[in-house]
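Descriptive structure summary
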Amino acid sequence: MLKIKSLPLRALQSVKRPHRLALATLGPRAFAFWHTFGLTVWIALVEGSGWALILPGLLLLLWPGVAYAHAALAIDSKRAEFRNLLFDSLLYGIWSSVLDYYVWATLTIGLACFMNNMVVGGLRRLGLSVALFTGGSLGWGALTGFEFRPYLGVGVDIYQGAGAVIYFFALAYVMHGQNRMIGHSIAETQYKNRVIHALLDLGAVANRASNINTLLDDSLKHLHADFPEYGFAVFLQLHQRREVTRYAAVAGLHLGPEEERRLGSLLARQHEPYASTIKLSEKPEGEQLYATSMTGRLSRYEGWLIVRAPRLDAALESMLALFVDQLAAATENKLLHLELKKTAERDGLTGLYNRGFFEAALQLSIEGKAQPPGLDFAVLMMDVDGLKEVNDRYGHVAGDQLITTVAERLSGQCREEDILARYGGDEFVILFPSGDLSAPNRMAERIRTRLEGQRCVITPALGKNVVVEVRLSMGSASSTETSAQEVLSLADKRMYHDKTRRHQQGARG
Ligand SMILES: Nc1nc2c(ncn2[C@@H]2O[C@H](COP(=O)(O)OP(=O)(O)OP(=O)(O)O)[C@@H](O)[C@H]2O)c(=O)[nH]1
């Protein structure tokens, strides 16, 4: 039972949609063969040959269906249709002989066959078509005995002429449709190429970006360069507080700060599934704003990609879904990467660079000094005095507070290019990679006047707030005074001398 049922089903499954050429030629071919059948019947009636001519003529009615099935069932439907066109030539060659070489029919039908084959296969297929038509025509004539009746009458001529005109116009119409289809698919391919190019661009931008702001800014700039007809913006809002826009970037869109804020708060109220696009503006005509949601793809943010476009069609919608995918993945990767980098480079308690990062930066400075032009660098080492006492009297939490307060205040004194790190428990260090060798002395001076002796309020785990004074021992050195490898230990030595001196002064005081 199952077997019987499955047989026609399998046969049906193997009939796929044939190549567009087979579909396009079905109509004109059916018309041509039915028209030739009509001609055959007419001639049979005129010459009185009756069913002797009409019966084989019925075969002509079957051929368009057989040709279509052949193309539909073939693995390579296009090649099958090319073969069909050649078979048309052979069949019509034979038929011209069957119709005793009636000139008007032989000429118009032959021409149609040659032209069809030349259109799909150039001169080579034209040659093949001519050979098959002529071969069929002469071969059948040789088999059946040549009979010539080149002219039949005005009526048949008009019938054949009208058929030829209709056929050639039908063919021209089909070719026009094919050209339009090809034009559309070229435009579609070009659009897809631009999308692929933009996606590759986004990947490269994501790799280069050092933070989320540059990632979003550069991504949108590239998108706008690839699609200048659209304007783009992106908004990332905190999951927990959607009214807070954490990152925003715009390219090719003119949004003032107020409009940006308004858009941000509008999006905060929207809840759309991932990658779905909504219309934001309700202008009666002209360009509109659309927003595609990144909801669920970012661990800490809600996101929206905004586009300014004249209308939202299927191509734009699927393009936006792809861009949203790429942007969300790039942002999430960058966030993860930045977090890992921070964990690897930063000190957990103070948030300053850690010793590992400082040593790597120092190593680069040492190498920089060894290579031309031999850039100099300097180091300032500092140690918090009396931390042990704070720990012992008020506990480690209080000691931690003293360390973090000193770290914050030191940070406030440093420039962006200075590398401030927590070197050890209560030791801090600043690397000045700029070659400005007066920098450490000026920095030490600033620290003495602005930090030394300042009050620091700490809250012990138990008991009331206490106030301690910030006191720092310092020592600096530069690569002009000693070899590059020795700079840090010279600064350390000087810091130790400073500490000893301060202890002695303290003891005397
Ligand atoms: N609370 C706290 N204490 C720390 C931390 N790291 C190191 N310490 C403590 O800091 C102290 C550093 O020792 P010292 O440098 O001898 O202490 P000090 O009291 O600053 O002594 P001088 O530098 O000679 O003035 C030790 O008691 C360490 O246990 C930390 O992360 N938190």
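Here the structure is a predicted model, which means the values were calculated and not measured. (Residues numbered from 1 in each chain as written. Predicted model: local features only at pLDDT ≥ 70, side-chain atom pairs only at ≥ 80, totals over all residues.)

Attention shifts here to the overall build of the protein chain. Tallying secondary structure elements over the protein chain gives 14 helices and eleven strands in all. Counting every position in the protein chain, which comprises 509 residues, the buried fraction comes to 32%. Long-range contacts, defined as pairs at least 24 residues apart, comprise 61% of the intrachain contacts of the protein chain with a sequence gap of at least 6. (Helix = DSSP H or I, 4+ residues; strand = E, 2+ residues; numbered from the N terminus. Buried ≥ 20, exposed ≤ 12 C-beta atoms within 10 Å, placed from the backbone. Contact = placed C-beta atoms within 7 Å.)

With 42 residues, helix α5 (residues 103-144) ought to run about 62 Å at 1.5 Å a step, yet its terminal C-alpha atoms sit only 18 Å apart, falling short of that. Phi for Gly145, located one or two positions after α5, is positive at around 85°. (Expected span 1.5 Å × (residues − 1).)

Moving on to the environment of Leu62. By secondary structure assignment, the location of Leu62 is in helix α3 (residues 51-73). With 10 C-beta atoms counted inside 10 Å, the residue Leu62 sits in the exposed group. Each C-alpha atom of the pair Leu62 and Ala30 lies 9.1 Å from the other, and the pair is 32 residues apart in sequence.

Moving on: the site of the ligand. Contacts to the ligand come from 16 residues, most closely from Asp385, Leu387, Lys388, Gly399 and Gly425. Sorting the residues of the shell around the ligand by element identifies β6 (378-384), α11 (387-394) and α12 (396-413) as the ones contributing at least two each. Across the shell around the ligand, the residue classes break down as four nonpolar, five polar and seven charged. (Near = placed C-beta within 6 Å. Nonpolar A, V, L, I, M, F, W, Y, C, P; charged D, E, K, R; others polar.)

Moving on: the nonpolar core. In this structure, Val379, Leu380, Val429 and Leu431 are the most contacted members of the largest nonpolar core, which totals 40 residues. If we ignore the near neighbours within four places in the chain, the residues touching Val429 are Phe358, Val379, Leu380, Met381, Ala421 and Tyr423. Within the second largest apolar cluster, 37 residues are counted, among which are Leu215, Ala248, Ala249 and Ala275. (Core = buried A, V, L, I, M, F, W, Y, C linked by C-beta atoms within 7 Å.)

Time to look at the environment of Leu362. Along the polypeptide, Leu362 turns up in helix α10 (residues 355-370). With sequence-adjacent residues up to four places away left out, Leu362 is seen in contact with Leu431 and Leu488.

Among the eight residues that make up strand β1 (residues 231-238), seven are buried, leaving the element largely enclosed by the rest of the structure. As paired elements, β1 and strand β2 (residues 245-251) share six bridges and run antiparallel to each other. Each bridged residue has a counterpart across the sheet, and for Phe232 the counterpart in β2 is Ala251. Between the antiparallel neighbours β1 and β2 lie six residues. (Pairing = 2+ DSSP bridges.)

Within this structure's numbering, the places UniProt gives as "transmembrane region" (unreviewed entry) are residues 21-45, 51-73, 101-119, 126-146 and 158-175. In this annotation, residues 21-45 is assigned 100% helix and 0% strand; the end-to-end C-alpha distance for the span is 36 Å. In residues 51-73, the share of helix is 100% and the share of strand is 0%. The end C-alpha atoms are 33 Å apart. (UniProt positions renumbered as here; feature names shortened; annotations may be inferred.)

For the pair helix α2 (residues 20-47) and α3, the least separation of the axes is 8 Å and the interaxial angle reads 175°. Between α2 and α3, the angle falls in the class roughly antiparallel. Contacts between α2 and α3 involve Ala22, Leu26, Arg29, Ala30, Phe33, Trp34, Thr36, Phe37, Thr40, Val41, Ile43 and Ala44 on the former and, on the latter, Leu53, Ile54, Gly57, Leu60, Leu61, Trp63, Pro64, Ala67, Tyr68, Ala71 and Ala72. Across the contact of α2 with α3, the residue classes tally to 19 nonpolar, three polar and one charged. (Axes fitted to C-alpha atoms, helices over the stretch in contact; angles between N-to-C directions. Parallel < 35°, antiparallel > 145°, perpendicular 65-115°, else oblique.)

Before going further, it helps to spend a moment on the confidence of the model for the protein chain. Scored by pLDDT, the protein chain has a mean of 88; 95% of the residues are at 70 or more. Here residues 1-9 is a poorly scored stretch, pLDDT under 50, and it has zero contacts once near neighbours within four places are set aside; other chains count. This complex was scored by the predictor with a pTM of 0.61 and an ipTM of 0.93. (pLDDT = per-residue confidence, 0-100.)

Turning our attention to the sheet that holds strand β8 (residues 427-432). With respect to topology, four strands assemble into an open sheet ordered β7-β8-β6-β11, the strand pairing being antiparallel. Edge positions in the open sheet fall to β7 (419-422) and β11 (472-478), since each of these has one partner strand only. The sheet shows a mean angle of 15° between the axes of neighbouring strands, taken without regard to direction. The pairing of β6 with β8 spans six bridges and is antiparallel.

Another aspect to go through is the sheet that holds β2. Strand order in the open sheet made by the five strands is β2-β1-β5-β4-β3, with antiparallel pairing throughout. Every other strand in the sheet has two partners, leaving β2 and β3 (277-279) as the edge strands with one partner each. Here the strands of the sheet are splayed against their neighbours by 20° on average, with no regard to which way each runs. Across six bridges, the pairing between strand β4 (residues 288-293) and strand β5 (residues 301-309) is antiparallel. When the sheet's bridge partners are listed, Gln288 is paired in β5 with Ala309. Running over the sheet, helix α8 (residues 257-268) touches β1, β2, β4 and β5 and is turned about 60° from β1.

Next up on the list: helix α6 (residues 154-208). Compared with the 81 Å implied by 1.5 Å per residue over 55 residues, the 80 Å span of α6 between its first and last C-alpha is a close match. Of the residues making up α6, those classed as buried are Gln160, Gly163, Leu171, Ala198, Leu202 and Val205. Buried positions along α6 lie against α2, α5, α7 (212-226) and α9 (314-345).

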